[in-house]
Each structure stands twice: as structure tokens, then as C-alpha cells.
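For reference, the chains in residue letters:
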Amino acid sequence: MQIQIALPDDVAHSLETKWGNLERKLLEMLAIAAYQEGSISAGKVRELLGMSTRLEVDAFLKEKGVYLHYDEADFEQDIQTMRRLEQEGQLKR
């Protein structure tokens, strides 16, 4: 979908001076807001912004002061994975 907005030239110029590419900045702002409210996943942020890895998304979000959604279920899954890797001898303390 293509979305167009109209800005007065002086406003557009001022914002471009501060932010650079307005189209990119607005896309980033949209992706951040949608991620923060839970409308899209980090994978969709990656797709929208043309990033190649989840680590790139993580770094981008952290730079913008947005932290990854990580709940108790994620934590429990990480603990189970850690225990499995320890049992398999792939993780040492």
C-alpha cells in the first residue's frame, strides 16, 4: 500500500535537515509504534525496514529505547532450552 502525506515545504525541509530521509523516518516511526503496541512482531519490523537479521532489529529497537517483548513464557522456554543444552553437553557453566 502506498500512503502519501502533504507537508508544507518549509516543514518538510526543516524535518529533512534534522532527520534526513523523511520517508524512511516515518516508516521507522510507524514500525516502532506498531511494535510497541503489539500490532506487529519483531519479524515484521525486520521485514518493513528491510533488515536482514533479528539481531539488527534488536539493535535498532534498543537504539530507539524500545525493548523486546519478553514475558514469563519466553523466560521459561529459555530455561528449558538451557537445561536441554546442558544435558546434551553443549552448554557448560
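Residues numbered from 1 in each chain as written. Predicted model: local features only at pLDDT ≥ 70, side-chain atom pairs only at ≥ 80, totals over all residues. Heavy atoms only, no water.

Under an unreviewed UniProt entry, the name given to the protein is UPF0175 family protein, and the organism recorded is Scytonema millei VB511283.

Q: Is there a simple way to explain the pattern of salt bridges in this structure?
A: Between side chains of opposite charge, pairing is possible as soon as their charged atoms come close. In total, this model carries 5 salt bridges according to the counting rule given. With its nearest N and O atoms 3.0 Å apart, the salt bridge here joins D58 to R54. Of this pair, D58 and R54 are both found in helix α4 (residues 54-63), 4 residues apart, which corresponds to roughly one turn of the helix. Using a relative accessible area of 21% as the deciding quantity, one classes D58 as partly exposed. Residue class for R54 comes out partly exposed when judged on its relative accessible area of 44%. (Salt bridge = Lys/Arg side-chain N within 4 Å of Asp/Glu carboxyl O. Helix = DSSP H or I, 4+ residues; strand = E, 2+ residues; numbered from the N terminus. Buried < 20%, exposed > 50% of the residue type's maximum accessible area, 1.4 Å probe, protein only.)

Q: Honestly, helix α3 (residues 42-49) in this entry has me stumped. Any pointers?
A: The α-helix winds at 3.6 residues per turn, so residues separated by three or four positions along the chain end up facing the same way. Residues of α3 that are buried: A42, V45 and L49. For α3, the angular spread of the buried residues around the axis is 50°, confining them to a single face. Residue G50 follows α3 closely and has a positive phi angle near 70°. (Arc of directions from axis to C-beta.)

Q: Looking at this model, I keep getting lost on the packing of α3 against α4. Mind explaining?
A: A pair of packed helices is captured by two measures, namely the crossing angle of their axes and the spacing between those axes. Closest axis-to-axis distance for the α3/α4 pair is 9 Å, and the angle between their directions is 90°. With respect to α4, the axis of α3 lies roughly perpendicular. Between α3, through A42, V45, R46 and L49, and α4, the contact on the second element is made entirely by R54, V57 and F60. Across the contact of α3 with α4, the residue classes break down as 5 nonpolar, no polar and 2 charged. (Axes fitted to C-alpha atoms, helices over the stretch in contact; angles between N-to-C directions. Parallel < 35°, antiparallel > 145°, perpendicular 65-115°, else oblique. Contact = heavy atoms within 4.5 Å. Nonpolar A, V, L, I, M, F, W, Y, C, P; charged D, E, K, R; others polar.)

Q: Just checking my understanding: could you explain the environment of E23 for this structure?
A: Here E23 is to be found in helix α2 (residues 22-36). Under the relative-accessibility criterion, E23 is labelled exposed at 67%. Sequence-wise, E23 and K64 are 41 residues apart; in three dimensions their C-alpha atoms are separated by 17 Å.

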